[in-house]
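A look at the structure
Chain residues, written in single-letter form:
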Amino acid sequence: MKIPLHYQLSEYDCGPTTLLNAVSYLFAREEIPPEIIRNVMLYSLNCYSREGAGRAGTSRMAMMFLANWLDGFGRATDLPLATQYLAGEAVYIGQQSQLNDVLHRGGVAVVRLIYDVEHYVLLTGDRDGYIYMFDPWYLPEDSNEFAGQDITITLAHPQQYNRIVPYACFNQLSHETNYSLGPIAEREAVLLFNTRTQLSAQDTIEYFI
């Protein structure tokens, strides 16, 4: 059974929440081993601030480690999970982007971007110049958070997405633009596939023509 994606419980746990949402999006509840939940929570929220442990969220190093661990777990077990970690110039939205490619082939992408502060969200779809994503920061549909911006809040698809965001937002370098991927040197993403349902490049070749 597929279940609704989750919202973060605090101001800090967007990283582990989004990574677990990626697994939940790709697999039914009964397929997900408890080791994944345990290790994601164990190795995330590793950044310290003056207020204490975890209050600066999850580091890039932790996200890279978890991406590699998940890929190894998929290879070593019966769970058909494959992941790939991207950083820097490889992280952008556009026709030749690996982010768009993973969405067209049935996978998802966990990306670090800017939403007031550095923040993790899950990209789940790509259509007509818009990215469909699940932001673990809860907002009601009648929120005016994005007034005057071409960003839609929706709660009608809890297993798939709650924001619809134009390409142009992501490719910004500024820390002031909502959902900007930010400076190129700071960008990162984790691509995840269910290899049992993953589409091949041949299946999606018309996208690149």
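A brief report on the enclosed structure follows. No experiment lies behind these values; they were computed from the predicted model shown.

Inspection of the secondary structure puts Asp71 in helix H3 (residues 60–76). Among the polar contacts made by the side chain of Asp71, one reaches the main-chain amide nitrogen of Thr83 at a distance of 2.9 Å. Apart from residues lying up to four places away in sequence, Asp71 is in contact with Leu81, Ala82 and Thr83.

A separate point is helix H1 (residues 14–26). For H1, with 13 residues, the first-to-last C-alpha span of 18 Å sits near the 18 Å given by 1.5 Å per residue. Along H1, the positions that sit buried rather than exposed are Cys14, Gly15, Pro16, Thr17, Thr18, Leu19, Asn21, Ala22, Val23, Ser24, Tyr25 and Leu26.

With phi around 70°, Asp116 is a residue other than glycine that occupies positive phi space. Mapped onto the elements of the fold, Asp116 is located in the loop between strand S4 (108–115) and strand S5 (117–127). For Asp128, which is not a glycine, the phi torsion comes out positive at approximately 55°. With respect to the secondary-structure elements, Asp128 resides in the loop between S5 and strand S6 (130–134).

On to the nonpolar core, then. Formed by 26 residues in total, the largest nonpolar core has its most connected members in Leu99, Val111, Leu123, Met133, Phe170 and Tyr179. Filtering out sequence-adjacent residues up to four positions away, Leu123 remains in contact with Ile93, Leu103, Val108, Ala109, Val111, Ile131, Tyr132, Met133 and Phe170. Listed in part, the 25 residues of the second largest apolar core include Ala67, Leu79, Tyr120 and Phe134.

This part is about the packing of H1 against helix H2 (residues 34–43). One can describe the packing of H1 onto H2 by two numbers: an axis separation of 9 Å at closest approach and a directional angle of 160°. By the angle between their directions, the pair H1 and H2 is classed as roughly antiparallel. Considering how the two elements wind past one another, H1 and H2 form a crossing that is right-handed. Counting all contacts with H1, which are made through Pro16, Leu19, Leu20 and Val23, the residues of H2 involved are Ile36, Ile37, Val40 and Met41.

Time to look at the packing of aromatic side chains. Enumeration according to the criterion identifies eight aromatic pairs in this entry. Taking 5.0 Å as the distance between ring centres and 50° as the angle between the ring planes, the aromatic pair formed by Tyr7 and Phe134 counts as tilted. Of the two residues, Tyr7 sits in the segment before H1 while Phe134 sits in strand S6, which places them 127 residues apart along the sequence. Among the residues examined, Phe134 registers a relative accessible area of 1% and is labelled buried. Here the aromatic residues Tyr7, Phe134 and Tyr138 are joined through ring pairs into a cluster of three or more. Here Lys2 stacks its cationic end above the ring of Tyr25, 6.0 Å away from the centre of that ring.

This part takes up the sheet that holds S4. Two strands in a sheet stick together by hydrogen bonds in their backbones, pointing the same way (parallel) or opposite ways (antiparallel). The strand order across the open sheet formed by seven strands is S3-S9-S4-S5-S6-S8-S7, and the pairing between neighbours is antiparallel. In this open sheet, the two edge strands, each paired with only one partner strand, are strand S3 (81–87) and strand S7 (152–157). Neighbouring strand axes in the sheet, compared pairwise and without regard to direction, differ in orientation by 35° on average. Relative to S5, S4 runs antiparallel, the two being bridged by seven bridges. Counterpart to Leu113 in the pairing with S5 is His119. On top of the sheet, H3 reaches S3, S4, S5 and strand S9 (188–194); it is set at about 155° to S3, its chief contact.

About the criteria used
Residues numbered from 1 in each chain as written. Predicted model: local features only at pLDDT ≥ 70, side-chain atom pairs only at ≥ 80, totals over all residues. Heavy atoms only, no water. Helix = DSSP H or I, 4+ residues; strand = E, 2+ residues; numbered from the N terminus. Polar contact = N/O pair within 3.5 Å; in protein donor to acceptor, adjacent residues only side chain to side chain. Contact = heavy atoms within 4.5 Å. Expected span 1.5 Å × (residues − 1). Buried < 20%, exposed > 50% of the residue type's maximum accessible area, 1.4 Å probe, protein only. Core = buried A, V, L, I, M, F, W, Y, C linked by side-chain atoms within 4.5 Å. Axes fitted to C-alpha atoms, helices over the stretch in contact; angles between N-to-C directions. Parallel < 35°, antiparallel > 145°, perpendicular 65-115°, else oblique. Left-handed = near helix turned anticlockwise from the far one by under 90°. Phe/Tyr/Trp six-rings, centres within 6.5 Å; stacked < 30°, edge-to-face > 60°. Lys NZ or Arg CZ within 6 Å of the ring centre and 35° of its normal. Pairing = 2+ DSSP bridges.

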